[in-house]
Amino acid sequence: MHSEGHVPMVRPVTGDARERQISRAFVELADTLVDDYDMIDMLDRLVAHSVLLLGADAAAIMLVDADGELRTVAASSEDAELMELLQLQAGEGPCVECVRASAPVAVVDLSDTDRWPRFVAAVAARTEFRSVHALPLRLRGQAIGAMNLLHRAPGPLPENDLALGQALADVATIGILAERTVRRTEVVAEQLQTALNSRVIIEQAKGVIAQYGGLPMDQAFERLRGYSRRHNLRLADVARNVVNGRLNPRGVVTEAGARRR
Amino acid sequence: MAERGAATKQIAALIAEDLDEEALARKVCQACVEELDVDGAAISVLPANPSRRTLWATDATALALEDLQFTLNEGVCVEAATSGVPVLVSDLARTSEHSRWPVFAAEVAERTPAKALYALPLHWGALTIGVLDLYRLRAGEFTAVQWQDLLGVAEVAALLLLQLRTRPGSARRATEVPDGEARRGTGPGVAGVDGDGRGNPELHDDGHPDDTEGRDAALSDVLFGRPEIHQAVGMVLVQLGIGPEEALARMRAWAFFEQRMLIDVARDVVERRLVFTEEMR
């Protein structure tokens, strides 16, 4: 979604440093779940934390839409996104499988598997990723989507990391469903649709800000996010107003305090 | 993965057909009546200008409900359009509904036999293209399965409408129009999402094989799945000072004129290799 330079992470962040990092992540995520929080903002942060904590090169969250298709709602980089798109187009792959089975799916070496031939061929041709872990976003025995963790190096994730990854995926589920109180199943479908539509609006708003301010897409996103935080507004609402022309992009582009993460 | 509902399947299959807005609306409404246990349905589109246009209503009651709401400027449909979220009134007789829309509720009770009303916005991003309105002659809620299906119908119907409204040119078929005519922006669509490239599978936006499933996938890819397309829409709307729907229409017209895929045009815009100007019509 928003591209950011890849910082190669050394996989084992160990000991106290890692524990601090983990608790910081959960504290921050818990913070975002209070009151009138923004689902897309929360998912973007969650994806960023997953990359950091699990030593992944990219991560993404996909949701099942009302039409039964998988769609990306948050991704750590354009690379991951490309891959999700390939997967989506191929209509096959670990993520699809993970959602169907509502269980984790791991491909520890993409160059050494005979499953999903179209997907694997597309990944090999267009990306450098060599291993994929897909963790389900679980709700009452069903999967409403999946979190994808992508590594450039082949190999399985340690069990601890998998457990942590699943915990993060569960936080994502809670975040998606808690935006409004979910009492009935029908609301779930509506929430997913809202999340996916918000993504469309935010991408359009990024385009508006990028064009108006002569900024790269990732900075455009940072300006939008910075503006919504400073004004205590929801990112999706700011984006909607930018696209509809109800909010002058000048304010978002020029306002002091805009800076990169 | 979630199974598609029966009505959503019916609507998704329409991508393979060459329909105009009214015919599309008629089929969507009919599918709702057949599959979703409602007694009538209507679709109105909401253009940028203040007037609305009812594309189709399955019967006199459905039409009367549309007229009432747009005349009074209140009611479920108006609220769905303004708020962008579905509005469900499973029992109009409840007093809370009367306080919500005092005039509308009284008028519906007096003039129509409808007892329950449901309105779903047909949206694409920040844009509400129109509203799908349903009514029942008795009070009652949708089952979870029906609701899932109904959301699918609204989503696919919105995509199909958007596709029709932004297609390069009219509903005329590719084979009937010489290439040159397309330059005025009145020619037919050609890329996969238009459903006109039937004899030219290689022209499909995403290289999908020329079958129903391929069209279907191409449609959602182009209009929902590709962030570059949405980003480019945002950039083009600033470049030309227009709305998102028109920006998408311009991009599609340019892709058609240049005989390129929409996603490639979008990437050129995002990479700033292509800037839209007024002259590019």
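Residues numbered from 1 in each chain as written. Chains lettered and ligands numbered in written order. Predicted model: local features only at pLDDT ≥ 70, side-chain atom pairs only at ≥ 80, totals over all residues. Heavy atoms only, no water.

- The name an unreviewed UniProt entry gives chain B is GAF domain-containing protein, with Pseudonocardia sulfidoxydans NBRC 16205 as the organism.

- Labelled according to an unreviewed UniProt entry, chain A appears under the name Transcriptional regulator, originating from Pseudonocardia sulfidoxydans NBRC 16205.

## Considering the overall build of chain B
- Counting secondary structure elements, chain B contains eleven helices and five strands.
- When each of the 281 residues of chain B is scored for burial, the buried share is 57%.
- For chain B, the share of sequence-separated contacts (at least 6 apart) that also reach a separation of at least 24 residues comes to 59%.
- About 11100 Å² of surface is accessible on chain B, with carbon and sulfur atoms providing 51% of the total. (Helix = DSSP H or I, 4+ residues; strand = E, 2+ residues; numbered from the N terminus. Buried < 20%, exposed > 50% of the residue type's maximum accessible area, 1.4 Å probe, protein only. Contact = heavy atoms within 4.5 Å. Areas by Shrake-Rupley, 256 points an atom, 1.4 Å probe, with all protein chains shown as cover.)

## Structural notes on the pairing of strand β5 (residues 127–136) of chain B
Residue and element names in this part refer to chain B.
- Of all the ten residues making up β5, ten are buried; the element is thus mostly covered by neighbouring parts of the structure.
- As judged from the six bridges shared by strand β1 (residues 40–45) and β5, these two strands associate in the antiparallel manner. Looking across to β5, one finds that Ser44 is bridged to Val131.
- The pairing of strand β4 (residues 116–124) with β5 spans nine bridges and is classified as antiparallel. If you follow Leu122 over to β5, its bridge partner there is Gly130.
- Between β4 and β5, which pair antiparallel one after the other, the connecting turn spans two residues, and Gly125 there sits at a positive phi close to 60°. (Pairing = 2+ DSSP bridges.)

## Thoughts on empty space enclosed by the protein
All names here are of chain B.
- If you walk through the whole model with that rule in mind, you get six cavities of 30 Å³ or more.
- Lining the second largest cavity are eleven residues, and of these Leu14, Glu17, Leu19, Gln163 and Leu164 sit closest to its centre.
- Considering every element that reaches the lining of the second largest cavity, the biggest residue donor is helix α7 (residues 144–165), with three residues.
- Here the lining of the second largest cavity is built from residues that sort into six nonpolar, one polar and four charged. (1 Å grid on protein atoms, 1.4 Å probe; cavity = no way out; pocket = protein on both sides within 12 Å on 5 of 7 lines; lining within 4 Å. Points joined across faces, edges and corners; volume = space filled by probe spheres on them. Nonpolar A, V, L, I, M, F, W, Y, C, P; charged D, E, K, R; others polar.)

## Regarding the sheet that holds β5(B)
Residues and elements named next belong to chain B.
- The sheet built from five strands is open, its strands ordered β2-β1-β5-β4-β3 with antiparallel pairing. Two strands bound the open sheet, and with one partner strand each, they are β2 (53–57) and β3 (87–89). The mean angle between the axes of side-by-side strands here comes to 15°, regardless of whether they run parallel or antiparallel.
- Against the sheet, α7 touches β1, β2, β3, β4 and β5, its axis set at about 45° to β4. (Axes fitted to C-alpha atoms, helices over the stretch in contact; angles between N-to-C directions.)

## Examining the packing of helix α9 (residues 227–240) of chain B against helix α11 (residues 262–270) of chain B
All names here are of chain B.
- Contact geometry for α9 and α11: axes closest at 8 Å, N-to-C directions at 60°. Taken together, the axes of α9 and α11 are oblique relative to one another. Like other packed secondary-structure pairs, α9 and α11 cross with a definite hand, here left-handed. Within the contact between the two elements, α9 uses Glu228, Ile229, Gln231, Ala232, Met235, Val236 and Gln239 and α11 uses Leu262, Ile263, Ala266, Arg267, Val269 and Val270.
- Of the residues in the contact of α9 with α11, the class split is nine nonpolar, two polar and two charged. (Parallel < 35°, antiparallel > 145°, perpendicular 65-115°, else oblique. Left-handed = near helix turned anticlockwise from the far one by under 90°.)

## Let's talk about the packing of aromatic side chains
Residues and elements named next belong to chain B.
- Applying the stated criterion across every chain, the model contains five aromatic pairs over all chains.
- Taken together, the aromatic side chains of Tyr118, Phe142 and Trp147 make up a single cluster linked through ring pairs.
- Above the face of the Trp56 ring, Arg26 is positioned so that its terminal group lies 5.6 Å from the ring centre.
- We note Arg136 situated over the ring of Phe142; from NZ or CZ to the ring centre the distance is 4.4 Å. (Phe/Tyr/Trp six-rings, centres within 6.5 Å; stacked < 30°, edge-to-face > 60°. Lys NZ or Arg CZ within 6 Å of the ring centre and 35° of its normal.)

## Some points on the side chain of A:Asp41
- Tracing the chain through its elements places A:Asp41 in helix α2 (residues 39–53).
- The contacts of A:Asp41, once residues within four sequence positions are left out, are A:Arg225, A:Arg229 and A:Leu235.

## Digging into the pairing of strand β4 (residues 131–139) of chain A
Residues and elements named next belong to chain A.
- The buried fraction of β4 amounts to eight of the nine residues, a majority that puts the element mostly inside the structure.
- For strand β3 (residues 105–107) and β4, the ladder comprises three bridges, and the chain directions are antiparallel. Residue pairing in the sheet places Ala106 in a bridge with His133 of β4.
- Direction of pairing for β4 relative to strand β5 (residues 142–151): antiparallel, over a ladder of nine bridges. Note that in β5 the partner of Leu137 across the bridge is Gly145.

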